[in-house]
Every structure is written in C-alpha cells, then in structure tokens.
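Breakdown of the fold
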Amino acid sequence: MPTPPEPIRTGPFAGRTVAALGQDLREGRTTATELARQALDAVAGLDPALNAFVTVDAAGALEAARRADGELAEGADRGPLHGIPVGVKDLIMVAGLPATMGSRHFSGHVPGQDAACVTRLRQAGAVIIGMTTTHEFAYGPTGDRSATGPSRNPWDPARMSGGSSGGSAAAVAAGMVPLALGTDTGGSVRIPSALCGIAGFKPAYDAIPSDGVFPLSRTFDHVGVLAADARDCLLAYRALTGHEAETGTGPGSGLDTGLDTGQNVGPDAGRVRVAWLDPAGLFPGDARVVRAARAASGAEEEVRLAVGVGGELWETYTTIQGCEAAAVHAERLAEAPELFDAEVLDRLRAAAETPGWRYVRAMAARERLARTVGELFGRHDVLALPAVPITAPPIDRREIVLDGEKVTVRAALLAYTSPWNVLGLPALTVPADQMTGPMTGLVDGLPVGVQLVCRPGRERLLFEVAARLTRS
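What comes next is a walk through the structure. (Residues numbered from 1 in each chain as written. Predicted model: local features only at pLDDT ≥ 70, side-chain atom pairs only at ≥ 80, totals over all residues. Heavy atoms only, no water.)

All right, on to the pairing of strand β2 (residues 85-89) then. Of all five residues in β2, five are buried, a share of seventy percent or more. Residues P85, G87 and K89 of β2 are buried on one face, and the alternating residues V86 and V88, pointing to the opposite face, are buried as well. Two elements, β2 and strand β3 (residues 127-132), share five bridges in a ladder whose sense is parallel. Paired with P85 across the two strands is V127, which belongs to β3. Crossover handedness for the path β2 to helix α4 (residues 116-123) to β3: right-handed. Here three bridges tie β2 to strand β6 (residues 179-184), and the two strands are oriented parallel to one another. Across the sheet, the residue bridging to V88 is L181, located in β6. (Buried < 20%, exposed > 50% of the residue type's maximum accessible area, 1.4 Å probe, protein only. Helix = DSSP H or I, 4+ residues; strand = E, 2+ residues; numbered from the N terminus. Pairing = 2+ DSSP bridges. Right-handed = clockwise from strand over helix to strand, strands pointing away.)

Structure (structure tokens):
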C-alpha cells in the first residue's frame, strides 16, 4: 500500500480558534496587522499545493488590519471578529476584488459593491484576506470543477476538498485563515467542512442575507460559515445576523412544520433531546463512517424517516435546484456554452429539459415534506446523522461502491445534507474526532463529520449539543 501524503495543515491558524485569537488581540499578545501578515504568508506558502484561494488582497487586508488595530487602541471594539482574518467564497461580492464564480464567463468581473454579508463582516471588524475557490457557479459538491482548477483537501491533497465551498474549507483546515464564508444550496458548507475536518454551519433560510451573492437556486441558497470548531461558527453567526443565537430569536425561518416551535426542550429543564436519524432512509453509507458519527453524536434514541420520504426529498431537491439553476444560466447556455466546464454544462442542459409541471409539483411536495419531517421534532429537539456517508474521494472520482452498489459521488455527497436545504432547517457539522478522538473519529486517517439539525429559532440547541460533546 502506498504511503499517504503528508497532510498540509501547518498554517499559523491550525488549532487556533477565533475566540483565542480575539483574547490575544485584546491582551496585547498580538495585533491584527500581525495576524494579517501571518495569513498572507501562509497563503503564499501553502496555497500552491491546495488552490484554496483565487484572489489575495494583501494591500486591502493590511489596510483593514491597521485600521482594526487603531480602533482597538482607541478603545473601539467591534466584537469577536474584530481584527480576525477571513476568506470569502468567490461568488460573494467584495467591492474591488474579482468575483469569477469559478467560471470563464466572469473572467475579469470586478463588482463595485459588497454583498450584504460582507458589509456585516466589515462592520464586525473582520479582515478580508481574499476570495476562496468555488466549484463553477457553486453547481457541484466535489469542488474539483473550477476555471482555476480544483481546491484540494489539506488532509490529502490528492483528494477532494468537497464543494462547492471547497476553497473556504481548505483554507480553514490548512490554517491559512481561522474563518471563512461559504454558501450552501445542498450542503456546500457542510460537505467540505466534513471532508476537511472542520466545523460548518448553515443557518435557517435567509438568516444571513444573500443580497450580493451569485445565485444557484434561490429557493435553497443559504450563506454559511466555516471555522475550526462550533464555537467559532457561533461567533461568526452572531456577527453576521446581529443577534444572540442562544436566545432563539432573530431572522431566518424554514418551512412551517405545523408544530409549536415554542416547545424546544423536554420535561427535564435544560436537557436537549438528541435523536439519531437512521441515515439508511436517505442513502447507503460506509459503515465505518456511520459508526464513527453515531459514536460521536451523543444521541440517546434512534428515529427513522417513513418509507419513501428520503426518495421524495431527493427528487424534490434535484428538481427545484436544477430548474432554478437552468433559469439563472439560460442566456449563458444559449450564447456561450463553450465557456462552461463540460460537466457543469451537461448538468445545466439536462436540468433545462425538466418540464414545468415537475417543478410545480416539487414545490408543493416541499410543503408536505416539511410537515412530515417536522413531526420528528415533536419528540426530539435535535436530529443527528453523518454529514456525508463517505470520506473524501480522490479528485475527479465520479463513482464509488457502497454496500456492493455503484453510486455517483455527487449523490453520495449530497444525500445527507440536501434535505435540510429543502426544508430550510439550521444544520451544523462538527468533526467526529473533536468529540471522540482520532482513534474512533477518523476513518482511514480521514475526517468524519457529525451533522446536527434543528428547527428555525432553536439554533442555540445545536451549539449546546456540540459544546457538550466536544472534548476539552
């Protein structure tokens, strides 16, 4: 058996949290300028092997860092992201920086205005280092189809980072930056987070504004955050939404489940009821991955989806996403199809052939499925399941064998994450090895992600569960 390559997780922020960095800043052990320089040096040294960044804004980052230092010196503290280096996915607009969407269609495109979430990042005092690699137009979970090449997994650069926010995940996992923004339409924050061994949070639909984010599927698009651990995701979420997640208040809502969302805990005050959702109802999984996630989940009971619901969720997801993506790109498909990646082009052309009646039926099915799945939250506060059913596949791999059956890598990667986009529910993935240790939290030396799901307005429960389970 060949010797696996050395992981590339040696950046200055590997193992350093936003919370700890903020404490160092406020106690004078470092400066925002020094943190920005460390990030820029790390990108220069590590990114040639990982392709996590498309654009680096050294001058802008250092200017923002000096401003952050000046404000702290004058007693003006913007909060936990003040002075923290951040990467931004290359389809979230940052004024003055190229935004290519991972495509030759937008070569040379430079937006003149920040996306709403970037405005909030700046208001929080964050320092934007640059733009991170995305799967072309965010239309793929593998992260290896971009005009600038694939982003690579820091645990093994021959393997996928996952997508579509693969550059953001690789940048955080390698320690180039401690925090990054991504988007999530079917799992594009949680999939790469799981494959790269970090935490990723997709809040409820529209909790973080998507104005100024290039769309894939407006019904399912979410802005999310990627960080070393769940606590850092929470800090970023607070900054980007302007409210305290623990209070269970603030923007963002999923579909109506028909349940009383005020009943978020069981009879034992403060005790969060976690149920393991049998993933077999959604898709087959590598038994080792499922075991590792199950062991780390802390779930006390097991629940199952009704027969057929998993298939309906997948059909609903693929129909709505495909139709809406085809609508976004209709003119580009007609006028310049040669500028697309061949795989992305094939998927868009196939989606464009979907009859309108299927889209209408899928939108109606979404409402019904929300009520069906919502019944599980009448008895449980949080559902736990693997984030993905496999570890990171090799770059360009398109089929694998699970339970003796040949399946597509795309379907496998999306199977456990896409239902929560269909339903607009908050979902957090955390590395299993942060909970149980590397002996049981890794499979073949690669990360496994545990996914926690709740109802809108109850995001605090996800972070409470993650905090309780994470090893100190």
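Moving on: the packing of aromatic side chains. The full count for this structure, using the stated rule, is eight aromatic pairs. Ring plane angle 75° and centroid distance 5.4 Å describe the contact between F106 and F214, whose orientation is recorded as edge-to-face. A residue pair is termed long-range when its members are at least 10 positions apart, and F106 in the loop between β2 and α4 and F214 in the loop between β7 (199-202) and β8 (222-227) qualify at 108 residues. We note that F106, like F214, is buried. Arranged with centres 5.6 Å apart and planes meeting at 25°, the rings of F220 and Y317 form a pair that is stacked. Of the two residues, F220 is situated in the loop between β7 and β8 and Y317 in helix α9 (residues 309-328); the sequence distance between them amounts to 97 residues. Looking at F220, the relative accessible area reads 0%, which means it is buried. Relative accessible area serves as the criterion here: at 1%, Y317 is assigned to the buried category. By the ring-pair criterion, three or more aromatic residues cluster together here, those being F106, F137, F214 and F340. One cation-aromatic arrangement involves R347 over Y139; the distance from NZ or CZ to the ring centre is 3.8 Å. (Phe/Tyr/Trp six-rings, centres within 6.5 Å; stacked < 30°, edge-to-face > 60°. Lys NZ or Arg CZ within 6 Å of the ring centre and 35° of its normal.)

What follows covers the pattern of salt bridges. With the rule as written, the count across this model stands at 24 salt bridges. Between R288 and D444 there is a salt bridge, with the nearest N and O atoms lying 3.0 Å from each other. Here the residue R288 occupies a position in helix α8 (residues 287-297), and D444 occupies one in the loop between β15 (442-443) and β16 (446-447), the gap between them amounting to 156 residues. What emerges from the salt-bridge pattern is a single network uniting D144, R145, D341, E343, D396 and R398. (Salt bridge = Lys/Arg side-chain N within 4 Å of Asp/Glu carboxyl O.)

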